[in-house]
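# Observations on the model geometry
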Amino acid sequence: MKFTVALIPGDGIGPDIVKEAVRVLDAVALTYGHEVTYKHLIAGGEAIDQTGQPLPEETLKEASSSDAVLLGAVGGPKWDNVPSSLRPEKALLGLRGGMGLFCNLRPALLYSQLADACPLRSELVEGGLDVMVVRELTGGIYFGKRGRSEDGAYDTMSYTKSEIERIARKAFEIAMKRKKKVTSVDKANILETSRLWRATVEEVAKDYPEVELNHLYVDNASMQLVRNPKQFDVILTENMFGDILSDEASMITGSIGMLPSASLRSDSFGMYEPIHGSAPDIAGQDKANPLATILSVAMMLRYTFSLQKEADAVEEAVRKTLDDGWRTADIFSEGTKLCGTRAMGDAVVSNIR
Ligand code: IPM
Ligand code: MG
């Protein structure tokens, strides 16, 4: 297969981790006979410095015309004081909204090799933890009208039925390939958007009689995630609740440095990125954990290119690397081998060949 991948390394540790993920993708291409062409694009703080805009038009255009996008991270203290319309984070929202990536998949997987890093009592996660957060990504309060009044401020949350329907369908499709359980999270005791959400999800559920559906209020869901995380298979939720719950879900897997994500729409196009931020304090020091970005490449192979074998190979290589004892500082524990970003990349690459 021949494909074009847009690379947006971004700020902080972004370039460090994207570099390793690209080496892994190259190793996969070489091993399985594919040809990857890369486009290097700028966004976030780097783009602000070079062009005055967090998301230059060129970046959106070139990213959109690729087969998939691999993004590192954007932002950092250097740009904390720029006007809100120019913040690096705007680039992320612009890419998500501009390319219509309404479906955000955030798998929270506890690797048995890292079980010690889980902050919960071991009996709560015995046998492993495997939760898929399906977050609506282009609607809700993130994209609603906001502003200032004389002595106040407002942000608005709105959803259309079709926006809810399409993300719900994705969640049920994914659940069909997993343990066939969807937990829809809302705040239907308060929010009108949540009442529409719940009713619409109920309707979509009729097309998936094999899938068990339940609803939780978001406050309860956040408690249940730490009280009994094994009750979850697929968590379906709106944009902001998904932002919050996916951070919580990631933490119970031990390290935010391990979790990838995919942002998808109805065709095969997608943007892939680790869920962690740009960690400017360790940028360029060969300290960052590249595994979340490498695992994002696995998601790209699976969801955009439908290359299951190749995706499995990357995930297998990561497991093998952990089995071999390699650990970056964020997941290091006694008795394992501390390594840097590059050495971690090397280890995964050698496990693919
Ligand atoms: C995430 C991040 C972003 C979000 C920020 C950086 C805009 O927290 O991807 O979870 O809130 O969506
Ligand atoms: Mg977040």
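Structure's up top.
Remember, predicted model here, so these are calculated numbers, not experimental data.

## A few points about the pairing of strand β9 (residues 212-217)
- Two elements, strand β8 (residues 181-186) and β9, share six bridges in a ladder whose sense is parallel. Counted as the bridge partner of valine 182 is leucine 213 from β9.
- Note on the crossover from β8 through helix α6 (residues 192-205) to β9: the handedness is right-handed.

## Here we look at the site of ligand 1
- Near ligand 1 the following residues occur: Glu89, Leu92, Arg96, Arg106, Arg135, Tyr142 and Asp243.
- In the model, an oxygen atom of ligand 1 is placed 2.7 Å from a nitrogen or oxygen of the arginine 96 side chain.
- Tyrosine 142 places a side-chain nitrogen or oxygen 2.6 Å from an oxygen atom of ligand 1.
- With the chains in place, 73% of the 320 Å² that ligand 1 exposes on its own is no longer accessible.
- Of the residues forming the shell around ligand 1, the biggest block, three residues, is contributed by helix α4 (residues 89-98).
- Taken domain by domain, the makeup of the shell around ligand 1 includes at least three residues from each of domain 1 (1-101 + 266-353) and domain 2 (119-252).

## Concerning the side chain of glutamate 248
- With respect to the helices, strands and loops of the structure, glutamate 248 is situated in helix α8 (residues 239-252).
- In this view, glutamate 248 contacts Ser222, Leu225 and Val226; residues no more than four positions away in its chain are not counted.

## Overview of helix α7 (residues 218-227)
- Residues Val218, Ala221, Gln224 and Leu225 constitute the buried set of α7. Down the axis of α7, the smallest arc covering the buried residues is 110 degrees, so these residues share one side.
- Those residues of α7 that are buried are in contact with β8, β9, β10 (234-237) and α8.

Calculation notes
Residues numbered from 1 in each chain as written. Chains lettered and ligands numbered in written order. Predicted model: local features only at pLDDT ≥ 70, side-chain atom pairs only at ≥ 80, totals over all residues. Heavy atoms only, no water. Pairing = 2+ DSSP bridges. Helix = DSSP H or I, 4+ residues; strand = E, 2+ residues; numbered from the N terminus. Right-handed = clockwise from strand over helix to strand, strands pointing away. Near = heavy atom within 4 Å. Polar contact = N/O pair within 3.5 Å; in protein donor to acceptor, adjacent residues only side chain to side chain. Areas by Shrake-Rupley, 256 points an atom, 1.4 Å probe, with all protein chains shown as cover. Domains from an automatic or database assignment. Contact = heavy atoms within 4.5 Å. Buried < 20%, exposed > 50% of the residue type's maximum accessible area, 1.4 Å probe, protein only. Arc of directions from axis to C-beta.

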